[in-house]
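# Coordinate analysis (summary)
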Amino acid sequence: MSEQQRTFVLKAPHNKMPTIRRALNSLSNENQVAITLEKDDFMEFTSASPAYAMFKIKILSPSSVLRERKNGMEMDIPDKIFEWIEDMLSCPNKNCITAQPKEPTTPKFRVVSISPPKIQCYYCGRYIDQSSLEAQLAK
Ligand SMILES: [Zn+2]
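Residues numbered from 1 in each chain as written. Predicted model: local features only at pLDDT ≥ 70, side-chain atom pairs only at ≥ 80, totals over all residues.

### Topic: the overall build of the protein
Within the protein, the secondary structure is distributed over three helices and eight strands. In terms of its C-alpha atoms, the protein occupies a principal-axis envelope of roughly 50 × 35 × 25 Å. Within the protein, the fraction of its 139 residues that count as buried is 21%. Relative to all contacts within the protein whose residues are 6 or more apart in sequence, the contacts with residues 24 or more apart total 61%. (Helix = DSSP H or I, 4+ residues; strand = E, 2+ residues; numbered from the N terminus. Buried ≥ 20, exposed ≤ 12 C-beta atoms within 10 Å, placed from the backbone. Contact = placed C-beta atoms within 7 Å.)

Below you can see the structure in the form of structure tokens.
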């Protein structure tokens, strides 16, 4: 493994921690994180490919403070982590082309904004509402 691990520190409300932990643990292999320290309202984790982890945290716990630790300093994470998200979410529109069983199309969403979350289906234009986002990301 030559990929470089990056270190993150997170302060979040303690009642959000179980959801965040579950969401991070359910990331796919290539987006995997390793939680190295967890207290009441504090977590430290490492990842070589942290974009999806950062996205999940920002959506599931908007009031949390997530920073990257680098050379002994803690740096803010930009609000917009990426513009497109190609898996991890599904479109709520039953008529969307991505929901057709005959010829399945990989869901693709535009991240219009993170806070408040505006995640728009590339194919049908439907936005995923907050509760659906949370339900999908907390899995
Ligand atoms: Zn759609």
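Still to come is the rest of the account.
### With respect to the domain arrangement of the protein
As assigned here, the protein comprises domain 1 (6-76) and domain 2 (84-137). Spacing between the C-alpha centres of domain 1 and domain 2 amounts to 23 Å. Tallying the contact residues gives seven residues for domain 1 and seven residues for domain 2. With five residues, the top contributor of residues to the side of domain 1 that touches domain 2 is helix α2 (residues 51-60). Among the residues making up the side of domain 1 that touches domain 2, the classes are represented as five nonpolar, no polar and two charged. (Domains from an automatic or database assignment. Nonpolar A, V, L, I, M, F, W, Y, C, P; charged D, E, K, R; others polar.)

### Considerations on the environment of Asn25
Relative to the elements of secondary structure, Asn25 occurs in helix α1 (residues 17-25). For Asn25, a count of 10 C-beta atoms within 10 Å translates into the label exposed. Through-space distance from the C-alpha of Asn25 to that of Ile35 is 8.6 Å; in sequence the pair is 10 residues apart.

### Digging into the packing of α2 against helix α3 (residues 130-137)
Running from N to C, α2 and α3 cross one another at 135 degrees; their axes reach a closest spacing of 10 Å. Relative to α3, the element α2 lies oblique. α2 and α3 meet at a crossing whose hand is left-handed. Where α2 abuts α3, its residues Lys56, Ile59 and Leu60 lie against Leu133, Glu134 and Leu137. Its residues assigned to classes, the contact of α2 with α3 shows four nonpolar, no polar and two charged. (Axes fitted to C-alpha atoms, helices over the stretch in contact; angles between N-to-C directions. Parallel < 35°, antiparallel > 145°, perpendicular 65-115°, else oblique. Left-handed = near helix turned anticlockwise from the far one by under 90°.)

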